[in-house]
Amino acid sequence: MSATATPLRPRRRPPLAPAEPSLVLGHGRLPRVLAGTALAVLAAVWLLPFIWAVATSVQSEQDAASPGLSPIKGAFTTEAYQQILERGNVTVWAFNSFLIAGIVTLITVVVSTLAAYGFSRGTFRGRRTLLAVTVAAILVPPQLLVVPLFEQMLLFNLVDTYAAVILPQVVAPMMVFILKRFFDGIPRELEDAARMDGASELRVFLSIVLPLSRPIVAAVAIFVFIGAWNNFMWPFIVTNDPDLMTLPVGLATVKDAFGIQYAQSMASALLAALPLIVVFLFFQRRIVDSVATTGLGGS
């Protein structure tokens, strides 16, 4: 190399391209204003039935049944709530709903995660057949299983018990399939490294797979809890004792015998939905993150 050679200049890196926004609406203030207006209108349309229900529940039956498009037709009154609370044992029904929904969620998550891990990582004989049966079970409407399940409850003398309400709800083929698909995407190299260190299969599942699956497990638990809480048909069929009824079933028995009572119907619906609203307000970030991470919003 000659002494007069010019030193090499460092290469200039090309400028980084600006990050593309997740929702391309154009540049400027007008597109943002239009998008905000559209979202506000959609939110108002979504909230309109809820506002109508609240307004109807705080009116007298005569005002609620009067014709007109305005949701507020009379003076404010809590008569509908007072009648429901006086005629029914709301505290016991709410406790039953929390107990049953909590136990159903716990058992369903445990059983579904273990079954999904077995389908994802297992090599046992008949695995494909069992997986096909599980997927096919998703297509079976729950209404078709009411009579066979009720006959089983009669056979085992479980009618009017917590077990009769809980056990048929812990079978969730859809959740098993969703968890299995998520487990398929976890790199097997992590599990192989743990096995080389002497970890058992259960330890691999508890220490490697489950910590990586917190979003999907949280999403499954949320949807199972909501489904168990809102379940009306099966608890209504299998329970006759008022002390074992869930909140939706118990509130449905407190209806007046004199035709349709609009204010009481709306008050009952709001009382049944109130605990779920409170749960959402406390855990809304976890719920939104779980649904956004796993993509279960359309399932």
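Everything in this summary refers to the structure shown in the same document. Note that the coordinates shown come from a computational prediction; the quantities given were computed from them, not determined experimentally.

### Some points on the packing of aromatic side chains
Going through the model one piece at a time under the given rule, you end up with five aromatic pairs. Geometrically, the ring pair formed by Y117 and F205 is tilted, given 4.9 Å between the ring centres and 50° between the ring planes. With Y117 in helix 4 (residues 90-121) and F205 in helix 10 (residues 201-212), the pair connects residues that are 88 residues apart, well separated along the chain. Exposure class is identical for Y117 and F205. Each is buried. Between F232 and F236, the aromatic rings sit 5.2 Å apart at their centres with planes inclined by 15°, giving stacked as the arrangement. Pairwise contacts between aromatic rings join F98, F225 and W229 into one cluster.

### Some remarks on the side chain of Q169
The topology assignment puts Q169 in the loop between helix 7 (162-166) and helix 8 (173-184). Contacts of Q169, omitting those with residues within four sequence positions, involve I100, V104, T108, A228, N231 and W234.

### Re the environment of L244
Along the chain, L244 falls in the loop between helix 12 (233-238) and helix 13 (247-252). Put simply, L244 and V92 are 152 residues apart on the chain and 8.1 Å apart in space, counted from C-alpha to C-alpha. In contact with L244, other than residues within four places in its own chain, are N96, D160, T161, Y162 and T239.

Thresholds, definitions, all that
Numbering of residues starts from 1 in each chain and follows the order in which that chain's sequence is written. Predicted model: local features are reported for residues with pLDDT of at least 70 only, side-chain atom pairs are reported and counted for 80 or more only, and whole-chain, interface and lining totals are derived from all residues. Heavy atoms throughout the structure, all of them, feed into the side-chain values; hydrogens and water do not. Whether two aromatic rings pair depends on their centres lying within 6.5 Å, for rings of Phe, Tyr and Trp, where Trp uses its six-membered ring; planes under 30 degrees apart make the pair stacked, over 60 edge-to-face, and the rest tilted. We count a stretch as a helix when DSSP gives it H or I for four or more residues in a row; a strand needs E for two or more, and each element gets its number in order from the N terminus. Residue burial is assigned from relative accessible area. The probe radius is 1.4 Å, only protein chains are included, and a residue is buried under 20% of its type maximum, exposed over 50%, and partly exposed in between. In what follows, a contact means two residues having at least one pair of non-hydrogen atoms within 4.5 Å.

It is worth stressing that arrangement in space is one thing and function is another; only the former is reported here.
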